[in-house]
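So the chains spell out like this:
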There are 2 protein chains.
Amino acid sequence: MKNEKWETVSSALRFVDDHLSVETEAVTTPARADAREWTVVHRKSAVVIAAMTVEGKFVLIRQERIPIRQTIWEMPAGQVDQLCGSGSFKDVALRELREETGYELAPGGEAIFLGDFFCSPGFTDEREFLFLLKPVRRSTAGQAHTQAEAIIDCREFSPDEITAMIAEGTIRDANTLSTWARLLARKLVRVG
Amino acid sequence: MKNEKWETVSSALRFVDDHLSVETEAVTTPARADAREWTVVHRKSAVVIAAMTVEGKFVLIRQERIPIRQTIWEMPAGQVDQLCGSGSFKDVALRELREETGYELAPGGEAIFLGDFFCSPGFTDEREFLFLLKPVRRSTAGQAHTQAEAIIDCREFSPDEITAMIAEGTIRDANTLSTWARLLARKLVRVG
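Remember, predicted model here, so these are calculated numbers, not experimental data.

Another aspect to go through is the domain arrangement of chain A. Frequently, the measure chosen for interface size is the accessible area removed from exposure when the parts meet. Domain annotation of chain A identifies domain 1 (7-42) and domain 2 (46-185). On a C-alpha basis, the centres of domain 1 of chain A and domain 2 of chain A stand 30 Å from each other.

In structure tokens, the structure reads:
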């Protein structure tokens, strides 16, 4: 998908804090040699975790989300702060799973990379990397999420329950919906 | 999902332009009476259109996306500028379909509302409203997209082709993936 004709002619930093930065960029594209100005919100990448138990259920968390003033059921996920030499997106996925749900990959379990997606490519470069971890089991250590997170519940749901929650709109975040679409397309989960 | 305990104690505008605003908000939540500070990017809502032909194919556009420096296949979509008294999300969906693809709802066709989703509720309130329009047909008026858009191709894809594109990662935007998950969960499209 890369093309050498994507060239950043200029960029002006408009805002920055610990979580995001806003830049106005002038960019030439493969289709247009004259630079176009665009305001872009830069964010860290994230991992999203489809955590499947040995019974074929998925672990979801119920989380308070301040930007939308709602508490929603969703797959565990977390931002990727920095990848060290020995680290990887998979390691982040395993850590986030343990921290947010108290589950861990069972011995002999596998991590299947499901590719990535962009949450809103019209305005942000935020990119999500998706993993299926299976089978997972409750860890003896329990949850360890920080004060910054607001996880108020954690439960296992069958594929049919998740299908119903998607159909009725109870599941309404791009992470869970997009990961579910990838799982179905790759025939890694079967429903109804 | 609403709860009276979501209270905005204070908010400070950090950045604003025509496309987005950044605010640092202090908010009490149903689970926490002490206000938490959060940086939120406010954006307009958007509509996403699953446009199905009488043969059961879906109309996708190939669009240059500056924030991610990639050109991707995706469902047509557009921001909702303002809803007037006589307007509605459905009207916006019909207009965006025509502008971005040159297709229109065929006589006797229907618009089915598929609910909404949030593209990244950890940092933005951007919300997408999803519609299935069927059947659609090529309009005699053709496309009418503006200079601000960078649509370089438009084609019909069968559900099996879309499944393959999702599986291999060619379809990699939250709008198309989330809408597809909703269509499958509501059994409005059948694959393989």
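Moving on: the relation of the copies chain A and chain B. The operation relating chain A to chain B is a screw motion whose rotation component is 180 degrees, with 0.0 Å of axial translation and a residual RMSD of 0.0 Å. Accordingly, the operation relating the two chain copies is best matched by a two-fold axis. Take the interface residues of chain A: 100% of them recur as interface residues in chain B, which is what a same-surface contact looks like.

Okay, the packing of helix α2 (residues 159-168) of chain A against helix α3 (residues 174-185) of chain B next. It is at 8 Å that the axes of α2 of chain A and α3 of chain B come closest, and there the two elements cross at 110 degrees. Classified by the angle between their axes, α2 of chain A and α3 of chain B sit roughly perpendicular to one another. Our pair here, α2 of chain A against α3 of chain B, has a crossing hand that is left-handed. Where α2 of chain A abuts α3 of chain B, its residues T163, I166 and A167 of chain A lie against A181, R182 and A185 of chain B.

This part takes up unusual backbone geometry. Residues and elements named next belong to chain A. Backbone torsion omega between K134 and P135 reads -15 degrees, so that peptide bond is classified as cis. Tracing the chain through its elements places P135 in strand β9 (residues 127-138). Phi is positive for R69, which is not a glycine, with a value near 55 degrees. Note that R69 resides in the loop between β5 (58-65) and β6 (70-74). Positive phi is not limited to glycine here, since K187 has a value of about 55 degrees.

So, about the interface of chain A and chain B. Facing the 57 residues of chain A at the interface are 57 residues of chain B. Counting only elements with at least two residues in the side of chain A that touches chain B, the list comes to β1 (7-16), β2 (21-29), β3 (32-42), β5, β6, β8 (103-118), α2 and α3 (174-185) of chain A. Grouping the constituent residues of the side of chain A that touches chain B by class yields 30 nonpolar, 12 polar and 15 charged.

This paragraph deals with the nonpolar core. I49 and A51 of chain A together with I49 and A51 of chain B are the most contacted members of the largest nonpolar core, which has 80 residues in total. Excluding anything up to four places from it in sequence, I49 of chain A contacts M75, P76, A77, A93, E96, L97, F131 and L133 of chain A. V40 of chain A together with V40, I66 and F123 of chain B belong to the second largest nonpolar core, which has 12 residues in total.

With that settled, the discussion passes to helix α1 (residues 89-101) of chain A. All names here are of chain A. Taking 1.5 Å of rise per residue, 13 residues should cover 18 Å, and α1 covers 18 Å from first to last C-alpha, within 8% of that figure. Residues V92, A93, L94, E96, L97, R98, E100 and T101 constitute the buried set of α1. Contacts from the buried residues of α1 go to β4 (46-53), β5, β7 (77-79), β8, β9 and β10 (151-157). Downstream of α1 by a residue or two, G102 has a phi angle that is positive, lying close to 80 degrees.

The subject of this paragraph is the sheet that holds strand β1 (residues 7-16) of chain B. Residue and element names in this part refer to chain B. Strand order in the open sheet formed by three strands is β1-β2-β3, with antiparallel pairing between adjacent strands. The sheet is open, and its two edges are formed by β1 and β3 (32-42), each paired on a single side. Between one strand axis and the next, the sheet turns by 15 degrees as a mean value, whatever way the strands run. As judged from the eight bridges shared by strand β2 (residues 21-29) and β3, these two strands associate in the antiparallel manner. Its bridge partner lying in β3, T29 is registered against R32.

All names here are of chain A. Relative to the 16 Å expected for 12 residues at 1.5 Å per residue, α3 spans 16 Å between its end C-alpha atoms, a close match to the ideal helical length. With 12 of 12 residues buried, α3 lies mostly within the body of the structure. Among the residues making up α3, those that are buried are A174, N175, T176, L177, S178, T179, W180, A181, R182, L183, L184 and A185. Phi turns positive, to about 55 degrees, at K187, one or two residues after α3.

Further remarks concern the sheet that holds β1 of chain A. Strand pairing within a sheet occurs via backbone hydrogen bonds; the two strands may be parallel or antiparallel. Residue and element names in this part refer to chain A. Spatially, β1-β2-β3 is the arrangement adopted by the three strands of the open sheet, whose pairing is antiparallel. Two strands bound the open sheet, and with one partner strand each, they are β1 and β3. Within this sheet the neighbouring strands show an average axis-to-axis angle of 15 degrees, counted without direction. Examined bridge by bridge, β1 and β2 share eight bridges and lie antiparallel to one another. Bridging across to β2, L13 finds its partner in E23.

Before going further, it helps to spend a moment on the environment of H42 of chain A. Residue and element names in this part refer to chain A. With respect to the helices, strands and loops of the structure, H42 is situated in strand β3. Among the residues examined, H42 registers 15 C-beta atoms within 10 Å and is labelled partly exposed. If near-sequence neighbours (up to four positions away) are discounted, H42 is found in contact with L20, S21, E23 and D125.

Cut-offs used in this document
- Residues numbered from 1 in each chain as written.
- Chains lettered and ligands numbered in written order.
- Predicted model: local features only at pLDDT ≥ 70, side-chain atom pairs only at ≥ 80, totals over all residues.
- Domains from an automatic or database assignment.
- Least-squares fit on C-alpha atoms with pLDDT ≥ 70 in both.
- Contact = placed C-beta atoms within 7 Å.
- Axes fitted to C-alpha atoms, helices over the stretch in contact; angles between N-to-C directions.
- Helix = DSSP H or I, 4+ residues; strand = E, 2+ residues; numbered from the N terminus.
- Parallel < 35°, antiparallel > 145°, perpendicular 65-115°, else oblique.
- Left-handed = near helix turned anticlockwise from the far one by under 90°.
- Nonpolar A, V, L, I, M, F, W, Y, C, P; charged D, E, K, R; others polar.
- Core = buried A, V, L, I, M, F, W, Y, C linked by C-beta atoms within 7 Å.
- Buried ≥ 20, exposed ≤ 12 C-beta atoms within 10 Å, placed from the backbone.
- Expected span 1.5 Å × (residues − 1).
- Pairing = 2+ DSSP bridges.

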